[in-house]
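Coordinate analysis (summary)
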Amino acid sequence: MLILVSQLINQPVIIESAGSQIGRIGLPVINPENGKLLAFHLTTGLIDRLTNSNKLIDGQLIRDYSSQQNTLASSTVLQLSQEPKIREIIKSKIKVYGATVRTEGGNKLGQATDLLLDSELGIVIKYYVHSLLRDYVITAEEVITIDRRGIIVNDRTPKVSSIIPEIDGAEI
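Keep in mind the model is a prediction, meaning the values are calculated, not measured.

**A closer look at the pairing of strand β8 (residues 108-118)**
Along any regular strand, the residues point their side chains to alternate faces of the sheet. When you tally the buried positions in β8, you get eight out of eleven residues, the bulk of the element. For strand β1 (residues 2-4) and β8, the ladder comprises three bridges, and the chain directions are antiparallel. Its bridge partner lying in β8, I3 is registered against L117. Pairing analysis gives three bridges linking strand β7 (residues 100-103) to β8, with the strands arranged antiparallel. Each bridged residue has a counterpart across the sheet, and for V101 the counterpart in β8 is G110. In sequence, β7 turns back onto β8 through a hairpin of four residues, with G106 there showing a positive phi of about 95°. What sits between the antiparallel neighbours β8 and strand β9 (residues 123-130) is a turn of four residues, in which G122 has the positive phi angle 70°.

What counts and what doesn't
Counting starts from 1 at the beginning of each chain's written sequence and moves along it residue by residue. Given that this is a predicted model, residues contribute local features only at a pLDDT of at least 70 and side-chain atom pairs are listed and counted only at 80 or more, while totals for whole chains, interfaces and linings are drawn from all residues. The side-chain quantities take in all heavy atoms of the structure and omit both hydrogens and water. Only protein chains enter the accessibility calculation, which uses a 1.4 Å probe. A residue is then buried if its area is under 20% of the maximum for its type, exposed if over 50%, and partly exposed in between. Where helices and strands are cited, they refer to DSSP runs of H or I of at least four residues and of E of at least two residues respectively, numbered from the N terminus. Between any two strands, pairing holds if DSSP finds at least two bridges.

Structure, rendered in structure tokens:
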């Protein structure tokens, strides 16, 4: 199943054992080396939303996401101290969602305003980039590197798109 990160952010997270809400889905943590979704920040209040709290839920949970119920069920909250790769990415301030996107030659394309995830594989397959003048759709294969400065794509990559990302019925 394909799903946009923007459809997940701010959706409720339910703890399976108690059946009660423990928070809402926050920003994703993406492995910059392979585009794999590792986790989502778990927000429990306004302060968490503003500060990107270190409460996390496993990114694998999107396999069980129910768009009809708009909820994610979790059995546990991840402990950052037990997740060295996630801790390293957060500490390095590497973000993908909202990152600046540039070509190899240094031309700024815009900001990554959404990500299309393959929920079965748990990876990013497309990056939706927005600027004041145009929008781009970048495939994962066109990404050269992701680091704390942003996302670098091949110089030949930029393809102007008028597609607004939608899942139901529209091209992705």
